[in-house]
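Each chain, written out:
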Amino acid sequence: MTYTLRGRASVRDRLVDALTGAACGRGHVVVVEGPAGSGRSRMLAEAETVGRARGFVVCRAMADHLEHPGLLAPLGVSGDDGPTEGGGALRGLTERLLRRSPQEPPVLLAIDDLRWAQPSALDALRTLSGVLTVRDLRVCLVLSRTPDHDSAATERFLAALSADGASRLRLGPLPSDDAIALAAEALGVHPSRALVPLCEVAQGVPARLLDLAEALRDGDPGDAGARLAALSCGPLPERLREEVLRPVRSLSSSAAALLDVVAVLGGSASLHDLGATLRRSAMDLMPAIQECAASGVLTDTGGHLVFRYPLVRRAVQYGVPHPVRAALRYELGERQLAQDTPASSARHFAAALRDGEARALPGLERAGRSLALRAPASAVSLLGPLAEEQPPGTRRSALRLPVAMALQASGRLTDAAELADAALAEACDPSGAVELALCLAESELMAGAYESAASRAASLSAAAQVPDDVAARAEVVLRRARCRPADAEAVRSVLAAPRPVAVPGGGAVRHVVAADRVLRATALWHQARPLDALAQLSGGAERPGAPSHPTGAYWDERVLLGALLVDLGDLDRADEVLGAVETGLREAGLPDWLPSVDAPRAALALERGDTDWAELLANGVLADGARGRARPAVLLALGVRAECAVHRGRYHEARTDAAALSAMLRDDAFDAAAGRASRALVRCAEAERGAEAAAALLADLCASAPGGEGRLPAALLLAGAATPAWLVGIARTAGRRDLASDIAARARDCARDGADAGEPGSLTTAAEHAEGVLRQSAALLSRVADAQQGPWARARAQEDLGTVLLAALTPADGPGGRPAQLVAARKGGHAAAEAASRPRGTDSAGRERAVQCLQAALKGYDVVGAAPDAARVRGLLRTLGVRRRHWRYANRPAAGWASLTDTERAVADLVAQGLTNRETAERMFLSPYTVNFHLRQIFRKLSITSRVELARMHRDLERTAPLPVRADAHPAAERDERRPARRSSRSAALVPPSLWGRAT
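Residues numbered from 1 in each chain as written. Predicted model: local features only at pLDDT ≥ 70, side-chain atom pairs only at ≥ 80, totals over all residues. Heavy atoms only, no water.

(A) Inspection of the sheet that holds strand 6 (residues 268-270) at higher detail. Strand order in the open sheet made by the three strands is 6-8-7, with antiparallel pairing throughout. In this open sheet, the two strands that pair with only one neighbour each are strand 6 and strand 7 (298-301). When the angles between neighbouring strand axes are averaged without regard to direction, this sheet yields 30 degrees. The pairing of strand 6 with strand 8 (residues 304-307) spans three bridges and is classified as antiparallel. Counterpart to S268 in the pairing with strand 8 is V306. Packed on one face of the sheet, helix 12 (residues 271-278) meets strand 6 and strand 8 and runs near 85 degrees to strand 6. (Pairing = 2+ DSSP bridges. Helix = DSSP H or I, 4+ residues; strand = E, 2+ residues; numbered from the N terminus. Axes fitted to C-alpha atoms, helices over the stretch in contact; angles between N-to-C directions. Contact = heavy atoms within 4.5 Å.)

Laid out in structure tokens, this is it:
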């Protein structure tokens, strides 16, 4: 069968050019060169076809047939026209060609494989070549040769042809795409990458490729899909295997044995592995290695011998008898396990088990457990499919245990819990059942299912003959699960528990020690002892790299340390700690634990004023419904996202997250992230319902504070450097002087403890800020205005200072000892604003300083995108007669929800809740007339005419999906390069990815 000529277009074009010149009287010599099977004969046949089509007289023969008298028969020369001795049929050829008239057809003389030509024939051809250089003859001489088999006479002949100006065309390997197309044509399938292994073995040689394709086609009479499937996995068809191994058959017995071992080892083996398996020294192995390398079957890659082509490896591997292959795999697995190389050992045991070696199961389970801690992703991909191939029972449960452990260690908590639960439902041995129950309890704990986790852990602790490491880990689950809301005794019991003793090299014990540090640090945090909490975590902070304990990053002390440093305002150190954890997780291939780092990073970005990046990180943590995320990360991310929504005035989104936060905090408020979550709840209450509602929420939090004896939760007090002062301001505005004093006193206590321990000053700054707001002291606020770390905290301090300076210009006759004009102005009252704009005093310097402070605060709020805070400060500036333009231009549609501006959305949110224009104005620090203007714009853009229709549309929108995140709320492109952008959690939930083949 003749196939399409592929990959030889340039050679064919030059042959056609030579024939065209010969037809015009410019005789030429062409030498086609290439290795065996490269298509030299095919190119001569192509030249013959083109020549005949153009009227050439074609004389073609093999070089060993040049003595045959019929070679020149097409020229009218019979076998009796001349002698055939001493040059054969070519003797006198030049004279005959010189005698041909120009009217006779041109001549193509094609001679294949010059290595078989006699010297006399080469002399005749050399004579013809010389004549063609000086005479215009209508003759084209095309020769072919194999470069590696030339005699000395042939070499001299070719040198003379080159001197005469002959063209030498070289046929190299076929390009990859052309090779795939040729194989597809031979197999009768569409070209695809599945044919690459076949093309690699052929090395781009067309004849070799066609032989392989023919062997595959004839050896597998099934459909085309079955032929391609035979190339991807499993044993090769016998006919194809024999063809693939044809170049290997000439190897010696020692080289063939070496190939067998390398193939069974997985296609890659070090010299040490080969020596240990064959029980031979490196010197004894050297001849066999050199022989395999010289044949092109093996190559050296980084100190390992590997098969050059995967198809050859499979052909050799499946040529080893099945029992021998299984036994060898088992033996190699045992040897690798003894050498503490679980990845290689697990691969050998898995292959032996698939080959029917039942003895491999215990070793595979041991190797899988070790691999689950060192490389959990590899353990899942290797053991997961193998476990599901086993029949239900103890055999499958034994393999599901290391897979569940690996899923948990890699951060896929939901998958780990589901697999462990399914394994427990089957028959399994008692020791495996204990470890599966522990894995399930730990996964449930990390995901926030505390009741179920505590029940399982209690059963394990009460069981007899439980291994010590299992009992210790179960006790950790119990300790954490018992720290529930409003349980001060449980918080104190964490600190009273005996400390576990670290054992060098003990992974499980090291995990228990890390968990103990995290629990103690969290308890100290709830007791308002932040520096003691940091000291508890200092030992784990020095540990580099990725986590190595069974629960991945959940008990990694550095994650909690970074989050606490963010709350204390030590932002640079927090960034350094979290960056080290993130780098370690990425290098270890544990992307599912990154959300646990992204959550405190989101809080860090919020404190630095980068609301866009904070919101993007929080959305990434909460993507896909936060499936499989650790509960502390979800709690912290929800709090950050709710605050971002308040910053931007998107109260409907903040309300949704606040509802989720309230539910989580009712279930458990022990996590250190509970402080951020509580702060978000208070911010949402203040933004939507005012200071009185926020103060009422603070009172509820005091009543349910863990370990706080009815005082404000310490975690909330420590959630940001400006938080105590902000809470004091809420309490004063609501007339709760007792609550304000208590908050300021607790901040002073923390600062005093920090000063005794050498704290750098963030706690002192926070305490002085709170004290300044409580006492309305301009001196204290002036000292801390520039000392706060984050832009929002500095803006808050500047606003508080400006408010105090403004209050000094007017009499204090309002609620909470504040000026009535100022209170009214901060609620949006225009009459009071006009009165306040004409202060009774004559302190122009104080007024100027107040304006400067408020303008600095406004600038800070604008930087972080805190629209409600900026609106409040603009209201204060208006009381001083200072007006600032604050609108921005953006590309929006003409109608619909997406056409509303941020201010219009905030107005729509409040009006849809039933608030009047005046109440909305008080919440947004605007005048009722401005709210009325925005409401008219909303009605026009939404094509409605009443507040009832607005409330109905708003309700329907919240039922279907929350409003989408604005396009301009995402971080700049250069920061997107730091991390692939994740989907927003506000999109529809997706079907969870498959358990084993999830893309990363």
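That was the structure; now back to the text.
(B) Seen up close, the side chain of E243. Within the secondary structure layout, E243 lies in helix 10 (residues 238-244). With a relative accessible area of 13%, E243 lands in the buried category. Those residues in contact with E243 that lie beyond four places of it in its chain are R208, D211, L212 and A215. (Buried < 20%, exposed > 50% of the residue type's maximum accessible area, 1.4 Å probe, protein only.)

(C) Inspection of helix 18 (residues 376-389) at higher detail. With 14 residues, helix 18 ought to run about 20 Å at 1.5 Å a step, and its terminal C-alpha atoms sit 20 Å apart, in line with that. The largest bend along helix 18 reaches roughly 30 degrees and is located at L383, with the proline P385 sitting one to four residues downstream. Listing the buried residues of helix 18 in full gives P376, A379, V380, L383, G384, L386 and A387. Of the surrounding elements, those touching the buried residues of helix 18 are helix 16 (342-354), helix 17 (360-374) and helix 19 (394-409). (Expected span 1.5 Å × (residues − 1). Bend = angle between axes of the 7 residues up to and from the residue.)

(D) Just empty space enclosed by the protein, in detail. For the coordinates displayed, the defined rule picks out nine cavities of 30 Å³ or more. When residues of the lining of the largest cavity are assigned to their parent elements, the largest contribution, five residues, is made by helix 27 (residues 557-568). The class makeup of the residues in the lining of the largest cavity is 19 nonpolar, two polar and five charged. Space inside the second largest cavity adds up to approximately 110 Å³. Lining the second largest cavity we find 13 residues, and of these L717, L718, P724, L763 and A766 sit closest to its centre. For the lining of the second largest cavity, the class distribution of residues is 10 nonpolar, two polar and one charged. (1 Å grid on protein atoms, 1.4 Å probe; cavity = no way out; pocket = protein on both sides within 12 Å on 5 of 7 lines; lining within 4 Å. Points joined across faces, edges and corners; volume = space filled by probe spheres on them. Nonpolar A, V, L, I, M, F, W, Y, C, P; charged D, E, K, R; others polar.)

(E) Just the pairing of strand 1 (residues 28-33), in detail. Buried residues dominate strand 1, accounting for five of its six residues. Bridge count between strand 1 and strand 4 (residues 139-145): six bridges; the pairing is parallel. When the bridges of strand 4 are listed, H28 appears paired with C140. Relative to strand 5 (residues 167-170), strand 1 runs parallel, the two sharing four bridges.

(F) Structural context of unusual backbone geometry. You will see that Q203, though not glycine, has its phi angle at about 55 degrees, which is positive. Within the secondary structure, Q203 is located in the loop between helix 7 (196-202) and helix 8 (206-219). In the Ramachandran plot, D624 falls in the positive-phi region, its phi being about 55 degrees despite a non-glycine side chain. What makes D624 partly exposed here is its relative accessible area of 32%.

(G) View of the side chain of R325. Within the secondary structure layout, R325 lies in helix 15 (residues 322-338). Overall, R325 belongs to the buried group, its relative accessible area being 6%. A polar side-chain atom of R325 sits 3.0 Å from the main-chain carbonyl oxygen of V320. Each residue touching R325, except ones within four places of it in the same chain, is listed here: V264, Q317, Y318, V320 and D355. (Polar contact = N/O pair within 3.5 Å; in protein donor to acceptor, adjacent residues only side chain to side chain.)

(H) Structural context of the pairing of strand 4. Along strand 4, seven of the seven residues are buried, which leaves the element largely enclosed by surrounding structure. Going residue by residue along strand 4, you find V139, L141, L143 and R145 tucked away on one face and C140, V142 and S144 tucked away on the opposite face as well. By the bridge criterion, five bridges tie strand 3 (residues 107-112) to strand 4 in an arrangement that is parallel. Counted as the bridge partner of L109 is L141 from strand 4. As for the winding sense of the linkage, the β-α-β connection from strand 3 through helix 4 (residues 119-134) to strand 4 is right-handed. (Right-handed = clockwise from strand over helix to strand, strands pointing away.)

(I) Region of interest: the nonpolar core. Within the largest apolar cluster, 176 residues are counted, with the highest numbers of intra-cluster contacts made by W593, V640, V682, L698, L727, I730 and L950. With 11 residues, the top contributor of residues to this core is helix 31 (residues 631-647). In contact with L727, other than residues within four places in its own chain, are V682, L698, L712, L716 and I743. Within the second largest apolar cluster, 56 residues are counted, among which are L182, A213, A269 and V320. (Core = buried A, V, L, I, M, F, W, Y, C linked by side-chain atoms within 4.5 Å.)

(J) Looking closely at the pattern of salt bridges. Evaluated as defined, the whole model comprises 68 salt bridges. In this structure, D516 and R479 form a salt bridge, with 3.0 Å as the shortest nitrogen-oxygen distance. You can see D516 sitting in helix 25 (residues 507-526) and its partner R479 sitting in helix 23 (residues 468-482), a full 37 residues away along the chain. The partner of D671 in a salt bridge is R480, and the shortest N-O contact between them spans 3.1 Å. Of this pair, D671 sits in the loop between helix 32 (651-667) and helix 33 (674-689) while R480 sits in helix 23, placing them 191 residues apart in sequence. A residue is classified by how much of its surface remains accessible, and R480, at 2% relative accessible area, is buried. What emerges from the salt-bridge pattern is a single network uniting D567, E607, E643, R676, R679, R683, E799, D869 and R872. (Salt bridge = Lys/Arg side-chain N within 4 Å of Asp/Glu carboxyl O.)

(K) Representation of the environment of E475 in the model. Here E475 is to be found in helix 23. Take E475: its relative accessible area is 34%, and that puts it in the partly exposed class. The spacing of E475 and A454 is 21 residues in sequence and 9.3 Å in space, taken between C-alpha atoms. Not counting residues within four places of it along the chain, the set of residues in contact with E475 comprises S461 and R482.

(L) Spatial organisation of the confidence of the model for the protein chain. In the predicted model, the protein chain carries a mean pLDDT of 81, and the fraction of residues at 70 or more is 85%. Per-element confidence in the protein chain ranges from a low mean pLDDT of 35 for helix 42 (residues 830-836) to a high of 94 for strand 1. Note on residues 81-86: pLDDT under 50 across the span, and 10 contacts to partners over four residues away in sequence or across chains. Here residues 961-1000 is modelled with pLDDT under 50, and outside its nearest four sequence neighbours on either side it reaches 75 contacts, counting other chains as well. (pLDDT = per-residue confidence, 0-100.)

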